Each structure stands twice: as structure tokens, then as C-alpha cells.
Amino acid sequence: MKLTTYTDFGLRTLMYLATLPEGELTSVARVSGLYDISRNHLVKVVNQLAREGYIHAVRGKNGGIRLARTPSDINIGQVVRALENNLNGIDCGSPACHLVPACRLRDALKLAMDAFLQVMDGYTLADLSGNREELMVIFNQLEMQADKPSS
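Residues numbered from 1 in each chain as written. Predicted model: local features only at pLDDT ≥ 70, side-chain atom pairs only at ≥ 80, totals over all residues. Heavy atoms only, no water.

Draft legend 1. Structural context of the layout of surface pockets. Roughly 310 Å³ of volume is contained in the largest pocket. It is helix α3 (residues 39-51) that contributes the most residues to the lining of the largest pocket, 5 residues altogether. Here the residues of the lining of the largest pocket sort into 8 nonpolar, 5 polar and 2 charged. (1 Å grid on protein atoms, 1.4 Å probe; cavity = no way out; pocket = protein on both sides within 12 Å on 5 of 7 lines; lining within 4 Å. Points joined across faces, edges and corners; volume = space filled by probe spheres on them. Helix = DSSP H or I, 4+ residues; strand = E, 2+ residues; numbered from the N terminus. Nonpolar A, V, L, I, M, F, W, Y, C, P; charged D, E, K, R; others polar.)

Draft legend 2. Quick peek at the pairing of strand β1 (residues 55-58). The sheet contact formed by β1 and strand β2 (residues 64-67) spans 4 bridges and is antiparallel. Looking at the pairing, His56 lines up with Arg66 of β2. Counting the residues between successive antiparallel strands, the hairpin from β1 to β2 contains 5 residues, one of them, Gly60, with a positive phi of roughly 105°. (Pairing = 2+ DSSP bridges.)

Draft legend 3. Focus on the packing of aromatic side chains. Inspection of the entire model under this criterion finds 2 aromatic pairs. Aromatic pair Tyr16 and Phe139: ring centres 4.8 Å apart, planes at 85°, arrangement edge-to-face. Remark: Phe139 occurs in helix α7 (residues 132-147) and Tyr16 occurs in helix α1 (residues 5-19); sequence separation between them is 123 residues. Accessibility assignment for this pair places Tyr16 and Phe139 in one class, buried. Plain terms: the ring middles of Tyr35 and Phe139 are 6.1 Å apart, the flat faces sit at 85° to each other, and that makes the pair edge-to-face. Of this pair, Tyr35 sits in helix α2 (residues 28-35) while Phe139 is found in helix α7, placing the two residues 104 residues apart along the sequence. Taken individually, Tyr35 and Phe139 each receive the classification buried, so the pair is uniform in this respect. Put simply, the rings of Tyr16, Tyr35 and Phe139 touch in pairs and so form one group of aromatic residues. A cation over a ring is seen here: Arg12 above Tyr35, with NZ or CZ 4.9 Å from the ring centre. (Phe/Tyr/Trp six-rings, centres within 6.5 Å; stacked < 30°, edge-to-face > 60°. Buried < 20%, exposed > 50% of the residue type's maximum accessible area, 1.4 Å probe, protein only. Lys NZ or Arg CZ within 6 Å of the ring centre and 35° of its normal.)

Draft legend 4. Main features of the side chain of Thr7. Considering the arrangement of structural elements, one finds Thr7 in helix α1. According to the relative accessible area criterion, Thr7 is buried, its value standing at 0%. Ignoring any residue separated from it by four or fewer positions in sequence, one finds Thr7 in contact with Val80, Leu83 and Glu84. (Contact = heavy atoms within 4.5 Å.)

Draft legend 5. Structural context of unusual backbone geometry. Even without a glycine there, the phi angle at Asp36 is positive, about 55°. Structurally, Asp36 can be placed in the loop between α2 and α3.

Draft legend 6. Structural detail: the nonpolar core. By size, the foremost hydrophobic cluster in this structure holds 32 residues, and its most contacted members are Leu14, Tyr16, Leu42, Leu49 and Val79. Of all the elements in the fold, those that place two or more residues in this core are α1, α2, α3, β2, α4 (76-83), α5 (105-121) and α7. Of the residues forming this core, the biggest block, 7 residues, is contributed by α1. The residues contacting Tyr16, other than those within four sequence positions of it, are Thr26, Arg30, Val31, Leu34, Tyr35, Phe139 and Glu143. (Core = buried A, V, L, I, M, F, W, Y, C linked by side-chain atoms within 4.5 Å.)

And the structure:
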């Protein structure tokens, strides 16, 4: 199972937000700078995470983003389901596949996807960010790199 970049960015954003002190705001620009990813792409991901109730977005001059729930209340399997656009494992119609009437691959991939999601359902954001101290060392290093002017 390979997650889309969209879901990857969403999970990484949640992990970063989970390391911040409770209620602390950060910006999409800060997160995109840390991970060296497209700000415009991350805005779309963050907007969906906000619509799904995982992130609270505050508009305005002193605005930013933060977790809307405690990390222990954010189930990773549910996040993946919310962000992934194709959980079938295969797209039988693009291009049209001639094997569809007799295909067993689709059913096998569906079972594998269900097993993957069942495993992910066993994890919360708290599980993924339980090594907060280790993550903070990495994020601090990334912040220092992001703050350095380019030569």
C-alpha cells in the first residue's frame, strides 16, 4: 500500500502539530518550510484536515493552525480514509480494463486494503508522536535549516 503524497503531507502535518505545546498555533508556511514541500499543496491538505475536524484554523494576523483534538483522539486509520481518494487499491476504469468481468485481483486488493486500514485503526496520533522528544530534536534542526538564508 502506497499512500498518496496528499495523505503523507496530512499525516506529517498532524505529527508536527502534535509536538507543539497544547493550543500553540503555527503556520502553514512554517510546516511547508520544515518539510520542504509546496505551500499551495499543503494549504489544500490543511483545509481538508480542518473540514474533517482534525485541525483548527484561525484566520487573521495572529492566526495559524493547531490540533482541534487531542492526539489520542485522532485515529490514523480514519485520517487515511478521509484523505485518500482511492482505497480500492486499483482503478479498473482508467484505462478501461478488459479483465473486469473475470478479475479476482480487485477482490484480493480490497482484502489487502481492508487489512492495512485495520492495522492503521490500531494507531492514534499519540502513538505516532509518543517519541515527542526525538521528534522535537529533528523539528528544531529543520527549523534552523529553514531559517538560514540561502547562499
